[in-house]
Amino acid sequence: MATDLVVIGLGHVGLPLSRSAVSAGLATVGYDVSGTVVSGLAAGRSPVGGVLDAEVAVMLDAGFHATTDPAVLDGAQTVVICVPTGLTPEGLPDLSAVEDAARVVAVRLRPGMLVVLESTSYPGTTEDVVRPLLEHGSGLRAGEDFHLAYSPQRIDPGNETWTIRNTPKVVSGCSALCAKYAVAFYSRFVDHLVVARGTREAEMAKLLENTYRYVNMALVDEVALFCHETGIDIWDVLHCAASKPFGFAPFRPGPGVGGHCIPVDPRYLAARAESQGFAFRTLAAAHEVLGRMPNHVVDRALALLTDVRGRPEGARALLLGITYKADVADVRETPARPVAEGLLAAGAEVYYHDPYIAEFTVGGRSLPRAENLRDAMAQADVAILLQDHACYARDALGQARCALLDTRGKAVGGRVTLL
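Here is a short report on the structure shown in this document. (Residues numbered from 1 in each chain as written. Predicted model: local features only at pLDDT ≥ 70, side-chain atom pairs only at ≥ 80, totals over all residues. Heavy atoms only, no water.)

**A few points about the sheet that holds strand S15 (residues 382–385)**
Within a sheet, neighbouring strands are paired by backbone hydrogen bonds and run either parallel or antiparallel to one another. If you walk across this open sheet you meet the five strands as S12-S11-S15-S16-S17, and the pairing is parallel. The sheet is open, and its two edges are formed by strand S12 (349–353) and strand S17 (416–418), each paired on a single side. The average angle at which neighbouring strand axes cross in this sheet is 20 degrees, direction not considered. Sheet topology note: the strand S16 (residues 403–406)/S17 ladder contains three bridges and is parallel. (Pairing = 2+ DSSP bridges. Helix = DSSP H or I, 4+ residues; strand = E, 2+ residues; numbered from the N terminus. Axes fitted to C-alpha atoms, helices over the stretch in contact; angles between N-to-C directions.)

**Regarding the environment of valine 257**
Topologically, valine 257 is positioned in the loop between helix H8 (234–241) and helix H9 (265–275). Residue valine 257 is classed as buried on the basis of its relative accessible area of 18%. Taking the C-alpha atoms as reference, valine 257 lies 7.5 Å from glutamate 333; in sequence the two are 76 residues apart. Sequence-distant contacts of valine 257, defined by excluding residues within four places in its chain, comprise Met217, Ile262, Pro263, Leu290, Glu333 and Pro335. (Buried < 20%, exposed > 50% of the residue type's maximum accessible area, 1.4 Å probe, protein only. Contact = heavy atoms within 4.5 Å.)

**Looking at helix H2 (residues 35–42)**
Structural remark: α-helix, 3.6 residues per turn; residues separated by three or four positions point the same way. Every buried residue of H2 is accounted for by Val37, Val38, Gly40 and Leu41. Seen along its axis, H2 keeps its buried residues to an arc of 165 degrees; they face one direction. Looking at H2, the residues exposed on the side facing more than 90 degrees away from the buried face are Thr36 and Ala42. On its buried side, H2 packs onto helix H1 (14–23), helix H3 (53–61) and strand S3 (65–67). One or two residues past the end of H2 sits glycine 44, with phi positive at roughly 85 degrees. (Arc of directions from axis to C-beta.)

**Some words on the packing of helix H4 (residues 96–107) against helix H5 (residues 125–138)**
At a minimum axis separation of 8 Å, H4 and H5 run at an interaxial angle of 30 degrees. Relative to H5, the element H4 is oriented roughly parallel. Crossing angle aside, the handedness with which H4 passes H5 is right-handed. Along the contact surface, H4 presents Val98, Glu99, Ala102, Arg103, Val105 and Ala106, while H5 presents Val129, Val130, Leu133, Leu134, Gly137 and Ser138. Taken together, the residues of the contact of H4 with H5 sort by class into eight nonpolar, two polar and two charged. (Parallel < 35°, antiparallel > 145°, perpendicular 65-115°, else oblique. Left-handed = near helix turned anticlockwise from the far one by under 90°. Nonpolar A, V, L, I, M, F, W, Y, C, P; charged D, E, K, R; others polar.)

**A look at the pairing of strand S7 (residues 114–117)**
Burial along S7 is two-sided: the residues Leu114 and Val116 and Val115 and Leu117 are all buried. Bridge count between strand S4 (residues 78–81) and S7: four bridges; the pairing is parallel. When the sheet's bridge partners are listed, isoleucine 81 is paired in S7 with leucine 117. As defined by bridge partners, S7 adjoins strand S8 (residues 147–150) across four bridges and the pair is classed as parallel. Across the sheet, the residue bridging to leucine 114 is histidine 147, located in S8. The parallel pair S7 and S8, bridged by H5, forms a crossover whose chirality is right-handed. (Right-handed = clockwise from strand over helix to strand, strands pointing away.)

**A few points about H8**
Along H8, the residues that are buried comprise Ile234, Trp235 and Leu238. Down the axis of H8, the buried side of the element spans an arc of 100 degrees, and every buried residue falls inside it. Packing partners of the buried residues in H8 comprise helix H7 (199–230) and S17.

**Some remarks on unusual backbone geometry**
Phi angles above zero are rare outside glycine, and aspartate 327 is one such case at about 60 degrees. Looking at the secondary structure, you find aspartate 327 in the loop between strand S11 (316–320) and helix H11 (336–345). Unlike most non-glycine residues, glutamate 333 shows phi in positive territory, near 55 degrees.

Listed below in structure tokens is the structure:
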């Protein structure tokens with residue numbers, strides 16, 4: 001059977017994309033360099049929280065399979081690259097996974113094939129990085145012999161309202177014909193497509209979307225810091241401001257930002273701008289503010305422990321919710337990690353409760369996990385609500401016997417301290 005689609009990278013983007021394509025009736029195969037991911041999928045186990053094991057079983061029944069063999073690319077009509085784009089240890093864009101994927105595709109590229117990059121990156125990645133690798137490795141020309149496109153992913157983990165099907169999707173191509181082929185492909189399982197003028201515009205749009213959130217999160221966090229210093233109730237401020245039906249988009253403060261997109265994408269924009277002699281001063285300011293938030297939480301928690309025990313050394317600090325997002329099993333770049341590091345450095349005993357995460361390591365040290373929330377809070381000197389999981393009921397938190405530092409504005413009670 002001919003393969004309609006090969007998805008390269010079966011993580012938080014590639015696997016949901018594969019699920020949507022399979023549901024639409026496309027003959028879909030997944031390619032990943034991780035043998036663990038591939039073998040897990042073959043056994044019906046999903047490697048990401050956004051796709052259930054039961055959904056993987058449905059995909060397998062429909063003919064989907066995953067492999068580490070690049071020969072699966074032979075004869076594919078469309079290849080979509082969904083590999084991670086992270087940062088180097090120096091904080092610079094790391095496109096090594098994209099480059100490796102492009103080289104793999106180049107060896108097996110054939111005339112008429114559509115290649116789409118979905119990985120988030122800076123403007124120019126498709127044209128200046130992926131295209132030369134494909135053309136040099138295949139001897140074919142983009143826009144003439146094969147079709148090259150860019151379509152940024154818009155997957156929101158845990159969001160049951162907006163899916164791949166009903167979320168408008170930006171598509172672009174290296175030529176008008178490339179864009180036309182990309183539209184024809186995505187229209188098979190996406191309801192509304194938005195065609196960008198070119199790949200750079202589409203790449204920039206993705207960075208703008210997440211940078212907008214990054215900057216506004218920093219603004220609200222800094223307002224929260226100011227309100228703490230001046231005795232103003234930040235949560236009431238936000239309640240009042242959000243009542244305006246125009247000109248204001250509500251954001252809420254927290255212990256820091258996490259996930260793969262928000263902490264990373266602005267760095268791609270800043271690095272690209274710096275390479276061209278342009279300085280994004282707003283991004284630098286936002287980065288500084290957001291970097292302060294975990295330390296602010298640590299300072300507030302240590303102050304509570306000092307009030308409760310006289311000193312933080314030996315005190316028991318319970319972290320409630322260590323994922324980067326509510327009700328999502330993902331700890332990538334979670335602010336819980338620097339918070340835990342700060343508490344451990346002060347001599348506190350740190351443990352956590354999170355129904356989504358079975359193991360959590362900080363600085364090479366595995367933190368104890370509490371199974372029962374009520375018992376854990378009864379044993380703690382201070383509990384810190386880091387993530388607003390649905391399991392953390394407002395009333396139950398407010399009735400806790402221990403001191404509670406609430407970074408999400410959820411709890412009420414005599415022993416509750418708000419961020």
